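The residues making up each chain are set out below.
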Amino acid sequence: MNNTSLSVLPPMPHPTPTTEPFWQGLAEEKLMLQQCDDCKEWVFYPRTHCSHCLSSNLEWQQVSGEGEIYSFTIARRPTAPPFAGMEPQYIAVVQLQEGVRMNTVIANATESDLKVGVRVKPCFVHTPDAQTLLYFELA
Amino acid sequence: MGLKGEAAIVGVADYKNERKYTGPRHFFTEQFADLTHRALVDAGLDKNDLDGICCTAIREANMFAPATLAEYLGLKVNFAEIVDLGGATPVGMIWRAAAAIEMGICQAVICAIPARPIPSNPIPSPTADDLRFYGSTSANWGSPQAEFDVPYGNVAQNSGYAMIAQRYAALHGYDERALAKIAADQRSNAQANPNAAFYGKPASIDDVLASPVIADPLHILEIVMPCAGGGAVLVVDKALAAKSKNRPAYITGCGERLESKSMTYQDDMTRTPVGPASQSAFAMAGKKPADIDVVEPYDCYTITVLLTLEDSGFCAKGDGMKFVTEHDLTYNGDFPVNTHGGQLGAGQAGLAGGMSQVIEGARQIMGKADDRQLSRCDTALVTGTGGIMSEQSAIILEGG
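Remember, it's a predicted structure, so these values are computed and weren't measured experimentally.

Topic: the overall build of chain A
Broken down by element type, chain A carries one helix and eight strands. In sequence order, the secondary structure elements of chain A are arranged as α-β-β-β-β-β-β-β-β. Its C-alpha atoms give chain A a radius of gyration of 15 Å, within 12% of the compact-globule value 14 Å for 139 residues. Here the C-alpha coordinates of chain A stretch approximately 45 × 30 × 25 Å along the principal axes. Within the span of chain A, comprising 139 residues, buried residues form 36% of the whole. If you take every contact in chain A between residues at least 6 apart in sequence, the share linking residues at least 24 apart comes to 53%.

Let's talk about the sheet that holds strand 3 (residues 58-63) of chain A
Strands in a sheet are paired, the pairing made by backbone hydrogen bonds, and the direction either parallel or antiparallel. Residues and elements named next belong to chain A. Strand order in the open sheet formed by three strands is 2-1-3, and the pairing between neighbours is antiparallel. Strands with a single pairing partner mark the edges of an open sheet, and in this sheet they are strand 2 (42-43) and strand 3. Two elements, strand 1 (residues 31-36) and strand 3, share six bridges in a ladder whose sense is antiparallel. Paired with Q35 across the two strands is E59, which belongs to strand 3.

Quick word on the interface of chain A and chain B
Facing 31 residues of chain A, the contacting portion of chain B comprises 31 residues. Residue assignment for the side of chain A that touches chain B shows that the elements contributing at least two residues are strand 4 (67-75), strand 5 (89-96) and strand 6 (101-105) of chain A. With six residues, the top contributor of residues to the side of chain A that touches chain B is strand 4 of chain A. Grouping the constituent residues of the side of chain A that touches chain B by class yields 18 nonpolar, ten polar and three charged.

A few points about the domain arrangement of chain A
Residue and element names in this part refer to chain A. We note that the domain assignment places domain 1 (15-63) and domain 2 (65-139) within chain A. Computed over C-alpha atoms only, the centres of domain 1 and domain 2 are separated by 21 Å. The partner domain 2 presents ten residues to the eight residues of domain 1 that form the contact. When contributions to the side of domain 1 that touches domain 2 are tallied by element, the ones reaching two or more residues are helix 1 (20-27) and strand 1. In the side of domain 1 that touches domain 2, the residues fall into seven nonpolar, no polar and one charged.

Rules used in this analysis
Residues numbered from 1 in each chain as written. Chains lettered and ligands numbered in written order. Predicted model: local features only at pLDDT ≥ 70, side-chain atom pairs only at ≥ 80, totals over all residues. Helix = DSSP H or I, 4+ residues; strand = E, 2+ residues; numbered from the N terminus. Rg over C-alpha atoms; globule rule 2.2 N^0.38 Å. Buried ≥ 20, exposed ≤ 12 C-beta atoms within 10 Å, placed from the backbone. Contact = placed C-beta atoms within 7 Å. Pairing = 2+ DSSP bridges. Nonpolar A, V, L, I, M, F, W, Y, C, P; charged D, E, K, R; others polar. Domains from an automatic or database assignment.

This is how it looks when you write it as structure tokens:
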């Protein structure tokens, strides 16, 4: 279930000028995060201004993407019509070691693998739309 | 600081909740006028008393909703407000109306939310359906949700609330019978509410647990049923409250807290914004949880009720499952919760779903809750929850 060869294509993100470096990084199998040059906090999702101090001095940094499952669910009915055929969906929120959280899908896993606190690492999923999604898998 | 308790709810109106609405269809302007008329009749007050309007977005107009509605109703108002807080909207409307009245800029504010289907458009717009596709999640380009929620399927509400419940389970354990009891007790309350979508259809704890799991650990009977309906609440100053034929339900405390849109980014998914909102309401009213006769918490999911009871201070964090197990939450019980059935028992009529909790709190204080009337009800805590437990409001009502 939920392996990375997608039989159904989820709705794709459409990057903005602000978020483009994040998505470009994924295409190159790099996880790029913004860090504030002023308060040194990490910021996700990508922004023009730091969500901790509102500084616009945000720098892109490559990070390992190591983190843990903060929470998850197994959606046994599609969460929206475009996901029909993908159920059960292993939807999760992952917290990176930098502290930021992000929505994702847990790939290459079984139901019993899904636990709060389990260590995970990035799994770059290249889609036929030339867009790369950031799934995670057990570390 | 805060409300002085000089504005009161004196009239309410609601449509019967119906899963399949087959009655005549009317636009939101028309439903708003009808609900307003009914609330005025309930209060024994007159259209000419109205000088304030509080609404949500309406289907007929993307902008200028208060002006469109005021013009349609023939109102000249000193307070025109639109509230956009999802399920927290109704509670947010009531305290804004009370605050405007206490400022002295108006004397009577109608807060109404139509939620019946409107007439079918002979020239259908595809965007209307696109907007509904992902529920509360915006798929518009440039919306953070479109880029960072939608592609991963964390859309609408079920998956977010399920993840809140899973996180809670990992930290505090999970007694699924306790969660199911919330739904069962409220369904029991709905049996005394002929306007409830599940009137005549009780459900036991076992029934809830036997229903299909939609997103682990949520069963379908722990999730609200969408339906048609609508509700209105009339908030007035002391002078008009004295003229009303109902016992006024004074708004003596309020609070509001918004922390994010997606629950993903909340500091702690299991400590919800209703904590600060309720604490503000209690402090303003000079009350504590033990003073409350009835709790009408927003209940889109069973986990919403559990966390609202904990975060509002009725029991400690992590003790909610024990608390609901040890108390009878029905209108005959020792800790009445959502005496009309809540939205889990009565159905969720869109944004008017949360208005049902305000209306029921007021009706209990007015002594107009029919077969489910509590023997004594002088104080009520009403909460509203929007987003994925990410924006919440609370008010305390007290009988005059």
